[in-house]
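Read off the chains here:
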Amino acid sequence: MLYWLDVLGTAVFAISGVLLAGKLRMDPFGVLVLGVVTAIGGGTIRDMALNHGPAFWVRDPTDLVVAMVTCCVTIMVVRHPRRLPKWILPVLDAIGLSVFVGIGVDKAFLSGTGPLVAICMGVITGVGGGIIRDILAREIPMILRTEVYATACIAGGIVHATAFYQFGISSIDAMVMGMGVTLAIRLAAIRWHLKLPTFELDSSSQDSKQR
Amino acid sequence: MLYWLDVLGTAVFAISGVLLAGKLRMDPFGVLVLGVVTAIGGGTIRDMALNHGPAFWVRDPTDLVVAMVTCCVTIMVVRHPRRLPKWILPVLDAIGLSVFVGIGVDKAFLSGTGPLVAICMGVITGVGGGIIRDILAREIPMILRTEVYATACIAGGIVHATAFYQFGISSIDAMVMGMGVTLAIRLAAIRWHLKLPTFELDSSSQDSKQR
Amino acid sequence: MLYWLDVLGTAVFAISGVLLAGKLRMDPFGVLVLGVVTAIGGGTIRDMALNHGPAFWVRDPTDLVVAMVTCCVTIMVVRHPRRLPKWILPVLDAIGLSVFVGIGVDKAFLSGTGPLVAICMGVITGVGGGIIRDILAREIPMILRTEVYATACIAGGIVHATAFYQFGISSIDAMVMGMGVTLAIRLAAIRWHLKLPTFELDSSSQDSKQR
């Protein structure tokens, strides 16, 4: 079950990379690179920081293959994303995100970290790929800006880590609880366009930055 | 002493991330992510390149906690950065920078690298977080452009590495010397607006780039 | 021979970083940082993902020294890149690229990875530095967009990996074959301005992204 959710998450993230690339007049192989980086970037940063052996796709290239195939299919099939129902991609993305956060927290605990670091690893796994995608496309990462995206990851990670670390709930049950919270918050945010109030400083902040 | 300087440096870098985020209309949790990445990003890249165990904040989350608490406090307290005396943030930043460079050089020597690599690790530790911050905010990293920022790091790193490696000065004394040089150059640059002449090619450089 | 090609590739990539920096009014030490990152960035990401000891320039700083010296010489010597024959830099860059892809694939096989991961490592090694360079200069990475750049890396990597893994050709012969393919495709693309048709979605793709 988790395995298929992981495959689904990887595929959805790859699609989101390809769709963004579609706005940038890229070479098809450039599109492939952008899609694959979006799908596996977050987990790669997590594995580099944990330093617990090679990156996950080096040890087991399943996710790499899934990302590549998804990119190729998307490049060949999708021409008119307008015709997809609008809610499909965000909902799939929310599923992928919640799975990735859960996997990140779980892998961190397996490496013996404490709960705070585990939550960070969950957030990195969930948002890392999308941030790299937006950097490559020269956009301010949307993930940091809107629709309680980082918020959902952090909340789900806290629930997962607390359940496992404080209450001794089994690894898999804790993961399901955390994933449920991330998913619920994201779906609610998509459905009702929830936003947290933005943090904004008065315009003089520019003066005070000074570096 | 070094411990508290490290905490101070981490806090100042986190504040600089939050202040930049304040211009970008981010979600509060997005601000938290940006602030934390600014504070610990440089050291993380250093640890990944040295490959000497997990990143420093995975082994000991003190700096992570410091960065998070600083971000939360800054988000809640700071509304009008204009009212801070203008020199405070740059001076604190210079202190943090010199500490980070010193720690980076020191950790590299502990890993058994030569002086050249150690200087690079000092520069990475010092400027890495700020560069990631500026990339996420879609600015050309100021660190590479102005106010002898990279210059100060390189000079301090050279003094530190030379003192330790060539003259056999004790690890801690060499670090203090290097940190003093970095700090002095940055403070002088802030006080008298020192700049190196910029390197600029004639406008046809664009033609010759060709890739 | 391979050693000198590696040195040449490193030097050319460093020059391309310095030339780009020349458009950005950077501090000379900022230029040095940008040039060095361009030259060694791709291999560093590869080594972090393989997690097979410290980054290559930590173990043996030769490439680091080459990159630094090249940057310094370029900064001092080049003022009017217009006067260089237009084809020189792209051709040198194509040589460097093909060497880097070959080295990346080879190092991955030495770490015991399968062919798919090895091809990815070749692509990362070849294009990583240039992508970081363009991100720092706030450009959409040209490598993903034009002139069959990613395409050449992928094709060369596939030939190299297939020759070595499927047909049991010796490591060095397979590398030469792969490098030849990458180089030939890039040179042909430069000579005849080859481009693949760009992948582009209709303008509504923006609506469907939704994150």
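Residues numbered from 1 in each chain as written. Chains lettered and ligands numbered in written order. Predicted model: local features only at pLDDT ≥ 70, side-chain atom pairs only at ≥ 80, totals over all residues. Heavy atoms only, no water.

Points about the interface of chain A and chain B
Inference 1: Counting residues at the interface gives 39 residues for chain A, matched by 52 residues for chain B.
Inference 2: Taken together, both faces of the contact between chain A and chain B bury some 4100 Å²; the carbon and sulfur share is 65%.
Inference 3: Remark: the boundary between chain A and chain B carries zero salt bridges.
Inference 4: Applying the counting rule to chain A against chain B returns three residue pairs in polar contact (both at pLDDT 80 or more).
Inference 5: Within the residue set of the side of chain A that touches chain B, elements represented by two or more residues are α2 (28-50), α6 (115-136), α7 (149-165) and α9 (205-209) of chain A.
Inference 6: Broken down by element, the side of chain A that touches chain B gets its largest block of residues, seven residues, from α6 of chain A.
Inference 7: Classifying every residue of the side of chain A that touches chain B gives 22 nonpolar, nine polar and eight charged. (Contact = heavy atoms within 4.5 Å. Buried area = accessible area lost by both parts, 1.4 Å probe. Salt bridge = Lys/Arg side-chain N within 4 Å of Asp/Glu carboxyl O. Polar contact = N/O pair within 3.5 Å; in protein donor to acceptor, adjacent residues only side chain to side chain. Helix = DSSP H or I, 4+ residues; strand = E, 2+ residues; numbered from the N terminus. Nonpolar A, V, L, I, M, F, W, Y, C, P; charged D, E, K, R; others polar.)

Some words on the interface of chain B and chain C
Inference 1: In this assembly, 39 residues from chain B lie in contact with 51 residues from chain C.
Inference 2: Summed over both sides, the interface between chain B and chain C buries roughly 4100 Å², with carbon and sulfur atoms accounting for 65% of that surface.
Inference 3: Taken together, the connections running from chain B to chain C amount to zero salt bridges.
Inference 4: If you look at where chain B meets chain C, you find four residue pairs in polar contact (both at pLDDT 80 or more).
Inference 5: For the side of chain B that touches chain C, the secondary-structure elements that each account for two or more residues are α2 (28-50), α6 (115-136), α7 (149-165) and α9 (205-209) of chain B.
Inference 6: When the residues that make up the side of chain B that touches chain C are grouped by side-chain class, the tally is 22 nonpolar, nine polar and eight charged.

As for a nonpolar patch on the surface
Residue and element names in this part refer to chain A.
Inference 1: Side chains of Val65, Val69, Val73, Met76 and Val77 sit close together on the surface and give an oily, nonpolar patch of about 460 Å² of accessible area.
Inference 2: In this fold, methionine 76 is placed in helix α4 (residues 62-77).
Inference 3: Of the residues examined, methionine 76 reaches a relative accessible area of 63% and is grouped as exposed. (Patch = residues over 30% accessible without salt bridge, like charges linked within 9 Å, V, L, I, M, F, W, Y side chains within 5 Å. Areas by Shrake-Rupley, 256 points an atom, 1.4 Å probe, with all protein chains shown as cover. Buried < 20%, exposed > 50% of the residue type's maximum accessible area, 1.4 Å probe, protein only.)

Some details on helix α5 (residues 88-110) of chain C
Residue and element names in this part refer to chain C.
Inference 1: Look at α5: 33 Å from first C-alpha to last across 23 residues, which is about the 33 Å you get at 1.5 Å a residue.
Inference 2: The buried count for α5 comes to 17 of 23 residues, which makes it a mostly enclosed element.
Inference 3: Two residues or fewer past α5, glycine 112 is found with a positive phi of approximately 90°. (Expected span 1.5 Å × (residues − 1).)

Quick word on the UniProt feature "transmembrane region" (unreviewed entry) in chain A
Inference 1: The positions UniProt marks with the feature "transmembrane region" (unreviewed entry) are residues 6-22, 29-49, 61-78, 87-110, 116-136 and 148-168 of chain A.
Inference 2: Spanning residues 29-49 of chain A, this segment combines 100% helix with 0% strand, and its end C-alpha atoms are found 28 Å apart. (UniProt positions renumbered as here; feature names shortened; annotations may be inferred.)

Quick word on the UniProt feature "domain: Glycine transporter" (unreviewed entry) in chain A
Inference 1: Sites flagged by UniProt as "domain: Glycine transporter" (unreviewed entry) map to residues 3-77 and 91-161 of chain A.
Inference 2: Strand forms 0% of residues 3-77 of chain A and helix 83%; the C-alpha atoms that close the span are 25 Å apart.

As for the pattern of salt bridges
Inference 1: In total, this model carries nine salt bridges over all chains according to the counting rule given.
Inference 2: Of the charged contacts in the structure, one is a salt bridge between aspartate 47 of chain A and arginine 46 of chain A, with a shortest N-O distance of 3.0 Å. Arginine 46 of chain A matches aspartate 47 of chain A in its accessibility class, with the two residues each being buried.
Inference 3: Residue aspartate 47 of chain C pairs with arginine 59 of chain C through a salt bridge whose shortest N-O separation is 3.7 Å. Taken as a pair, aspartate 47 of chain C in helix α2 (residues 28-50) and arginine 59 of chain C in helix α3 (residues 56-59) lie far apart in primary sequence, 12 residues in all.
Inference 4: Residue classification places aspartate 47 of chain C among the buried residues on the basis of a relative accessible area of 6%.
Inference 5: Each of Arg46, Asp47 and Arg59 of chain A takes part in a single network of salt bridges with overlapping partners.

Overview of the relation of the copies chain A and chain B
Inference 1: For the pair chain A and chain B, the best superposition has an RMSD of 0.0 Å and corresponds to a rotation of 120° with a translation of 0.0 Å parallel to the axis. Given the turn and translation reported, the copies of this chain are related as if by a three-fold rotation axis. Closest approach to the rotation axis within chain A is made by the C-alpha atom of methionine 48 of chain A, at a distance of 3.6 Å.
Inference 2: When the interface residues of chain A are mapped onto chain B, a mere 15% of them again fall at the interface, so the copies present different faces. (Least-squares fit on C-alpha atoms with pLDDT ≥ 70 in both.)

A short note on the packing of aromatic side chains
One pair of aromatic rings is described through two measures. These are the centre distance and the angle between the planes.
Inference 1: For the structure on display, the rule yields 12 aromatic pairs over all chains.
Inference 2: Summarising the aromatic geometry, the rings of phenylalanine 109 of chain B and tyrosine 165 of chain B are spaced 5.9 Å apart at their centres and angled 15° between planes, so their arrangement reads as stacked. Of this pair, phenylalanine 109 of chain B sits in helix α5 (residues 88-110) while tyrosine 165 of chain B sits in helix α7, placing them 56 residues apart in sequence.
Inference 3: Where tyrosine 3 of chain C meets tryptophan 4 of chain C, the ring centres are 5.2 Å apart and the plane angle is 85°; that geometry is what we call edge-to-face. (Phe/Tyr/Trp six-rings, centres within 6.5 Å; stacked < 30°, edge-to-face > 60°.)

Some remarks on the relation of the copies chain B and chain C
Inference 1: Under the fitted operation, chain B is carried onto chain C by 0.0 Å of movement along the axis and a turn of 120°, and the coordinates agree to an RMSD of 0.0 Å.
Inference 2: Looking at the interface residues of chain B, only 15% of them are also at the interface in chain C, so each copy uses its own face.

Notes on the nonpolar core
Inference 1: By size, the foremost hydrophobic cluster in this structure holds 166 residues, and its most contacted members are Trp57 of chain A, Trp57 of chain B together with Trp57 of chain C.
Inference 2: Setting aside residues up to four positions removed in sequence, tryptophan 57 of chain B forms contacts with Ala49, Val117, Cys120, Met121 and Ile124 of chain A together with Ile40, Thr44 and Leu64 of chain B. (Core = buried A, V, L, I, M, F, W, Y, C linked by side-chain atoms within 4.5 Å.)

Description of the side chain of threonine 44 of chain C
Residues and elements named next belong to chain C.
Inference 1: Position of threonine 44 among the secondary structure elements: in helix α2.
Inference 2: On the basis of relative accessibility, which here comes to 9%, the residue threonine 44 falls in the buried class.
Inference 3: There is a polar contact of 2.8 Å between the side chain of threonine 44 and the side chain of tryptophan 57.
Inference 4: Beyond its immediate sequence surroundings of up to four residues, threonine 44 is in contact with Ala55, Phe56 and Trp57.

Section: unusual backbone geometry
Residue and element names in this part refer to chain A.
Inference 1: Its identity as a non-glycine residue notwithstanding, asparagine 51 has a phi of 55°, on the positive side.
Inference 2: Mapped onto the elements of the fold, asparagine 51 is located in the loop between α2 and α3 (56-59).
Inference 3: When its relative accessible area of 16% is taken as the criterion, asparagine 51 is described as buried.

Quick look at the state of the cysteines
Inference 1: As enumerated under the stated definition, the model contains zero disulfides over all chains in all.
Inference 2: For the unlinked cysteine cysteine 120 of chain A, the closest cysteine sulfur is that of cysteine 71 of chain B, found at 11 Å.
Inference 3: Of the residues examined, cysteine 120 of chain A reaches a relative accessible area of 15% and is grouped as buried. (Disulfide = S-S within 2.5 Å.)

With respect to the packing of α4 of chain A against helix α6 (residues 115-136) of chain C
Inference 1: Two elements in contact, α4 of chain A and α6 of chain C, have axes whose closest approach is 10 Å; the angle formed by their N-to-C orientations is 70°. Classified by the angle between their axes, α4 of chain A and α6 of chain C sit roughly perpendicular to one another. In this structure, the crossing between α4 of chain A and α6 of chain C has a hand that is left-handed. In contact with Leu64, Val65 and Met68 of chain A of α4 of chain A, α6 of chain C contributes Leu116, Val117 and Cys120 of chain C.
Inference 2: Counted by class, the contact of α4 of chain A with α6 of chain C contains six nonpolar, no polar and no charged residues. (Axes fitted to C-alpha atoms, helices over the stretch in contact; angles between N-to-C directions. Parallel < 35°, antiparallel > 145°, perpendicular 65-115°, else oblique. Left-handed = near helix turned anticlockwise from the far one by under 90°.)

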